[in-house]
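Fold and contact review
Here's the letter readout for the chains.
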Amino acid sequence: MFRNILKKGRRLAGLGSLVAALTVAAPAMAQDKEPIVFGGSIPLSGVFAFAGIHIHAGLTDYTDWINNQGGINGHPVKYVMEDTAYEVDRSVAAFKKISGSDSPATYYGDSTGFMKTIASELNSQGDTLMSGASFATALTDNEQYPYQFIPGPNYSQMFGIILEYIADQGKDGDMPTVAFVYSDTEFGKDPIENGKARAAELGIEVVENIVTKPGSVDVSAEVLKLRRVRPDFVVFHGYVLSPINEFMVQMRQMGLDTQFMGTFWSSDKLIIDKMGADADGYMGVMPYNYYDSEESGPMLDALRAQAEKSDPEAGYRPTGYMQAWFNAMVWTEVVKRTLDAGKDLTAENMAASLASIEDWDTGGIIGIPVTVKDMSFPVGRIWRVNAEAGRYEPVSDWIHLD
Amino acid sequence: MDWLFFGEISLAGLAMGGLYALIALGFVIIYKATRVINFAIGEIMMFAAYLFLAFAGGMELSAWIALPMAVIGGSILGGVIEKTMIRPMLGESPISVVMVTIGIASILVGLVEFIWTANPQLLPSFLPREPVFIGPLYLAPKIAYGFLIGSALLIIYLLYFRFSRGGVALRATASDQAAAYSMGINVRRVFNMAWVFGSLAASLAGVLVAATGGLSPQFGIIGLSVLVVVIVGGLDSILGALVAGVFIGWLETVAGAYLGGEYRMPATFLVLAVILVIRPYGLFGTHEIERV
């Protein structure tokens, strides 16, 4: 008798536990959707680690932020990455590993070399959309790279924005002259031919082309060449810091009043931090608002709040962080549009969703609504260094190339 | 032809070549005494430049105190490497020893990234900034003063090797290790001294080059590019390092100015190929004849 009561009691207790467990678990099960995976080949070490560390922080912070917002249509987001040391073979290995284990919907590629190398595999797999650190012009070839996009203007478009700004400085038909200074790398040479063609269209004379070998010790001979042609503007491409500082300092020592400009990776605050007063007046093209700019917007404010929350000691967040956050924003938008259309998350469907982006409000990350063109966001603004204030300040309106 | 331009370009190239010669000297001293090709020479340069950054930038010491401290720090590093990692490899195959130096290079890069992060750096400005004119010819001040400082060390080295007991011991060991040993020369100490002196030259070059071209954990690649200078001059010839350093510096600069930056390396490698065909042991290197 006592045993029967005990048995019933146990059954009831077990049933009660089951009911309780189901009651607690029911809402969680409703939200228990498959995670959307953001994969990444991230250069946490090696030559590009100075940016890779911040790219990783940007992707991590965005993932935390979007999950706190409820994920994407109820799907949690999972960020999976491997360190690549900025080596193509390691990036490829990381991609294969992450693809095999986590089936990422989107993927961050750390270099142009990797993104070109992986293209055929990406195309044949057909289930991942890729973007990353590269702004290479070649990647906007939709025939060859249908599932890769540029999270901003490509390098040729950056030159286009810079040249439009320079053309605007021409007064009374007296068009400024320009010299291009670039590194002897695939990265450095990328926009040069298109830049020359665009300059010719705008009536700007390119008076000199200077190629520097990677790891150049001294550029004084190149500076002497520039002194002979006295360009109004010098546009740098393919550098992060050196030898931009040496060109600027030596040309100013020679009494030249040339103005200096650079593209995305040459326009971080690093230039101000390292060059100090010598950086004053340097200009860069940037598709995103700087972290410490006076601009604001709901997403830009959210980014700043999340950055502050994740690492209150970090302070300023470099352009790599902003770029990574914007990448993840685009991935989210693309996944959301694809899911909302009731389609599977295939690379083809996501690429179509990306192409449908028109007049998209980025919440202040980019200052104007943006439209995707040839798998890129051809928009940017010219910013000038105010060395005393220790930051870049806008000197042009947002320029959206047609 | 614009002779003024040619003169200025040549001057810049010769001054740059002086710094190449200093780096090459670091290679040659070590090879001459120990027969070890030190592939970590660029990373020793880099480490010394980071030490300078720490002393002059982080600790805000006067640059003229920080410079000798960094150079001595780099030379001590060379001595420690020799004693702890190269000496145990005595008698092993040259390939093994070379691999050890490559490993040391990787360790130094990792150490620098760990301590100073991977961010590109600029050294605190310590050389005069006023343009230097030699007659009508302009010379960038950093290169001009870097050349002067480097030349001063080269002269001290040449005098030391020629006249001091240590220098004679080093030259004797380089000529014939067994004979030097039998004459009472402490060959192991000479080996260590060679690493210290070689690293000291490289360290000074490292700070001077980084003051001009900036600094990052990948800075050490410059050391490898100077390998061309050493092979052209002769791996075991101090005179060869000096002559080839200045010549390659001039050639690179002139080729870059007249043909374009992309022709700097092809020009130097063309010279290297020609030299290797005509004199496989370099312009001033020892022609070793092995008799069976």
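Per an unreviewed UniProt entry, chain B goes by the name Branched-chain amino acid ABC transporter permease and belongs to Marinobacter guineae. The Subcellular location (unreviewed entry) comment attached to chain B in UniProt states, word for word, "Cell inner membrane". UniProt, in its Sequence similarities (unreviewed entry) section for chain B, records the words "Belongs to the binding-protein-dependent transport system permease family. LivHM subfamily."

The name given to chain A in an unreviewed UniProt entry is Amino acid ABC transporter substrate-binding protein, and the organism recorded there is Marinobacter guineae. Annotation of chain A in UniProt includes, under Sequence similarities (unreviewed entry), the sentence "Belongs to the leucine-binding protein family."

**Quick notes on the packing of helix H11 (residues 238-259) of chain B against helix H12 (residues 264-278) of chain B**
All names here are of chain B. Look at H11 against H12: their axes get within 8 Å of each other, and the N-to-C directions meet at 135 degrees. Relative to H12, the element H11 is oriented oblique. Crossing geometry of H11 relative to H12 is assigned as right-handed. Facing Ile 248, Leu 251, Glu 252, Ala 255 and Gly 256 of H11, the residues of H12 in contact are Arg 264, Ala 267, Thr 268 and Val 271.

**Some remarks on the environment of Asp 190 of chain A**
Residue and element names in this part refer to chain A. Following the sequence through the fold, Asp 190 ends up in the loop between helix H7 (186-189) and helix H8 (192-202). Look at Asp 190 and you get buried, because 25 C-beta atoms sit within 10 Å. Those residues in contact with Asp 190 that sit more than four places away from it in its chain are Ala 136, Thr 137 and Tyr 155.

**Focus on the domain arrangement of chain B**
Residue and element names in this part refer to chain B. Here the domain parsing of chain B yields domain 1 (20-217) and domain 2 (226-285). Across the contact, 11 residues belong to domain 1 and 15 residues belong to domain 2. Looking at the side of domain 1 that touches domain 2 element by element, the count peaks at nine residues for helix H1 (residues 3-34). Looking at the side of domain 1 that touches domain 2 residue by residue, the classes come out as 10 nonpolar, no polar and one charged.

**Some details on the sheet that holds strand S3 (residues 106-109) of chain A**
Residue and element names in this part refer to chain A. Sheet architecture is open: four strands sit in the order S2-S1-S3-S4, paired in parallel fashion. At either end of the open sheet lies a strand with only one pairing partner, and these are strand S2 (77-83) and strand S4 (129-132). Taken over all neighbouring pairs, the strand axes of this sheet differ in orientation by 20 degrees on average, direction set aside. Bridge count for strand S1 (residues 36-42) against S3 is three bridges, and the pairing is parallel. By the bridge assignment, Gly 39 is partnered in S3 with Tyr 107. Packing of helix H2 (residues 49-68) onto the sheet brings it into contact with S1, S2 and S3, and relative to S2 it is tilted by some 165 degrees.

Thresholds applied
Residues numbered from 1 in each chain as written. Chains lettered and ligands numbered in written order. Predicted model: local features only at pLDDT ≥ 70, side-chain atom pairs only at ≥ 80, totals over all residues. UniProt positions renumbered as here; feature names shortened; annotations may be inferred. Axes fitted to C-alpha atoms, helices over the stretch in contact; angles between N-to-C directions. Helix = DSSP H or I, 4+ residues; strand = E, 2+ residues; numbered from the N terminus. Parallel < 35°, antiparallel > 145°, perpendicular 65-115°, else oblique. Left-handed = near helix turned anticlockwise from the far one by under 90°. Contact = placed C-beta atoms within 7 Å. Buried ≥ 20, exposed ≤ 12 C-beta atoms within 10 Å, placed from the backbone. Domains from an automatic or database assignment. Nonpolar A, V, L, I, M, F, W, Y, C, P; charged D, E, K, R; others polar. Pairing = 2+ DSSP bridges.

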